[in-house]
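Each chain, written out:
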Amino acid sequence: MHVVIAKPLRTFARHALLAGAVALPALAGPALANPTIVFDLENGKILQHQEAFKRWYPASLTKLMTAYVAFRAIAAGEVRLDSPIKVTKRSASEPPSKMGFKPGSVMRLDNALKMILVKSANDVAMAVGENIAGSQAAFAERMNAEARRLGMTGTHFVNPNGLFSPDQYTTARDLGLLVMAIRTEFPQYAPWFSIEGLAVGKKKISNYNLLIGRYPGADGMKTGFVCPSGFNMIGSATRDGRTLVAVVLGEKSAITRAETVARLLDQGFATPTPGWLTVAALPSYGDTTSVNDMNDEICRKKPAKEQSEAAAPVGDKNAPKSPYRKKLDHAPALVAVGLGGATGPIPKAMLDASGQEYADVPLPSWRPDLPPPPGAEPAVIGSATAAQEPAKAVN
């Protein structure tokens with residue numbers, strides 16, 4: 001496997017990678033064109049990587065950071081699992097994939113997070129961000145602060161759901177750091193990443209992660225798609241007490257991303273001894289500044305039905321055959337979620353100085369035919385806008 005290494009670190013990294021390659025004969029073969037990294041969750045040791053520092057649009061993989069910030073807020077006492085998450089006018093207006101709850105609807109935080117991780121609901125992710133931090137801009141600041149703290153040097157966030165913005169990007173290596181933080185700091189939430197499906201009233205929603213319930217040992221974590229990013233996926237699996245994680249960015253379809261992750265995990269489990277280089281210690285290499293854009297390849301050259309997180313239906317005879325398109329060989333275990341039941345304290349960011357809950361109403365503006373009195377100009381708190389793809393092209 002050929003990997004380009006930055007010149008100042010060429011000699012050191014080459015020896016390290018060659019040492020790893022001796023122990024990884026199962027991973028030999030044609031180089032993949034898109035960014036990938038495979039590592040052992042327990043110690044962070046890398047089994048395979050390519051273009052790991054290439055900037056990429058994260059799409060709904062962004063929601064892993066949203067969940068991480070929420071977990072940190074719970075640990076800090078800002079919110080509880082049963083705290084109310086109110087759907088704001090802003091969050092309700094986000095394009096699909098979404099739950100479609102009306103403004104003013106209230107759900108528990110834990111249910112909201114499950115909808116984010118399984119359904120990849122953009123409206124709920126925005127609501128979580130706004131409720132925990134007070135605004136989209138404030139939540140993005142917290143996301144970026146956590147990214148800096150974790151050493152995610154090639155990452156920048158502007159929103160909590162992954163809807164396209166040219167200023168929101170990450171790398172395969174950085175996502176590896178985030179996965180390690182989530183799984184090691186908050187193991188109590190690990191079962192949420194392996195939920196097979198949700199039950200919302202009579203509606204059943206399957207997990208977009210096609211490995212869940214189909215790949216032996218699969219236990220997480222997240223998928224993502226917008227036209228510029230292609231089909232992204234982070235998959236994890238545990239066998240005989242060993243958990244491996246594969247990050248794959250920029251695949252051509254929901255099926256190929258699942259197949260690629262499965263193949264990399266297979267190769268990893270066939271390699272009992274990884275190299276000694278870790279995700280955190282991997283030297284930077286290659287192009288680390290430009291962001292790849294797959295919009296023309298993914299969306300302008302394909303029909304609308306292929307521009308979706310959801311794989312082709314099981315009964316579609318024209319879709320390619322794959323073990324990850326087949327119907328589950330068991331009744332999926334569904335987790336019930338929905339509105340109501342939020343008996344916990346209101347998120348602190350949603351309370352004013354007197355302890356009263358903020359009202360989700362527009363700020364009044366002065367009559368345009370009269371000059372505003374001194375001090376009447378509205379305050380601007382950050383930017384709440386981001387360029388977005390059409391609804392069909394988002395995750």
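Along each chain, residues carry numbers from 1 onward, in the same order as the chain's sequence is written. Confidence filtering applies because this is a predicted model: local features only for residues at pLDDT of at least 70, side-chain atom pairs given and counted only at 80 or more, and all residues used for totals across whole chains, interfaces and linings. The side-chain figures draw on all heavy atoms in the structure; neither hydrogens nor water molecules are used.

1. Remarks on helix 8 (residues 254–269)
We count a stretch as a helix when DSSP gives it H or I for four or more residues in a row; a strand needs E for two or more, and each element gets its number in order from the N terminus. Each helix should span, by expectation, one fewer than its residue count multiplied by 1.5 Å. For helix 8, spanning 16 residues, the distance from its first C-alpha to its last is 23 Å, which sits close to the expected 22 Å at 1.5 Å a residue. Counting buried positions along helix 8 gives 12 out of 16 residues, so the element sits mostly inside the fold. Throughout, exposure labels follow a simple rule: accessible area from a 1.4 Å probe, protein chains only, divided by the maximum for the residue type, with under 20% read as buried, over 50% as exposed, and the rest as partly exposed. For helix 8, the set of buried residues is Ala254, Ile255, Arg257, Ala258, Thr260, Val261, Ala262, Leu264, Leu265, Gln267, Gly268 and Phe269.

2. A word on the packing of aromatic side chains
Centres within 6.5 Å make a pair out of two Phe, Tyr or Trp rings, where for Trp the six-membered ring is used; the pair is then stacked when the planes are under 30 degrees apart, edge-to-face when over 60, and tilted otherwise. Taken as a whole, this structure holds 9 aromatic pairs when the rule is applied. Arranged with centres 4.9 Å apart and planes meeting at 50°, the rings of tyrosine 189 and tryptophan 192 form a pair that is tilted. Take tyrosine 189 and tryptophan 192: they sit in the same class, and that class is buried. By way of ring pairs, the aromatic residues Tyr68, Phe71, Phe186, Tyr189 and Trp192 are connected into one cluster.

3. What to know about the state of the cysteines
Note on terminology: disulfide describes a covalent bond linking the sulfur atoms of two cysteines. Any cysteine sulfur atom paired with another within 2.5 Å is treated as part of a disulfide. Applying the stated criterion to the full structure yields 1 disulfide. Disulfide pairing is shown between cysteine 227 and cysteine 299; the S-S distance is 1.8 Å. Negative torsions about the S-S bond denote left-handed disulfides, and the value of about -85° found for cysteine 227 with cysteine 299 makes this one left-handed. Taken together, the residues cysteine 227 in the loop between strand 7 (218–226) and strand 8 (230–239) and cysteine 299 in helix 9 (residues 295–300) connect sequence positions 72 residues apart. Taking relative accessible area as the criterion, cysteine 227 reaches 2% and is therefore assigned buried. With a relative accessible area of 11%, cysteine 299 lands in the buried category.

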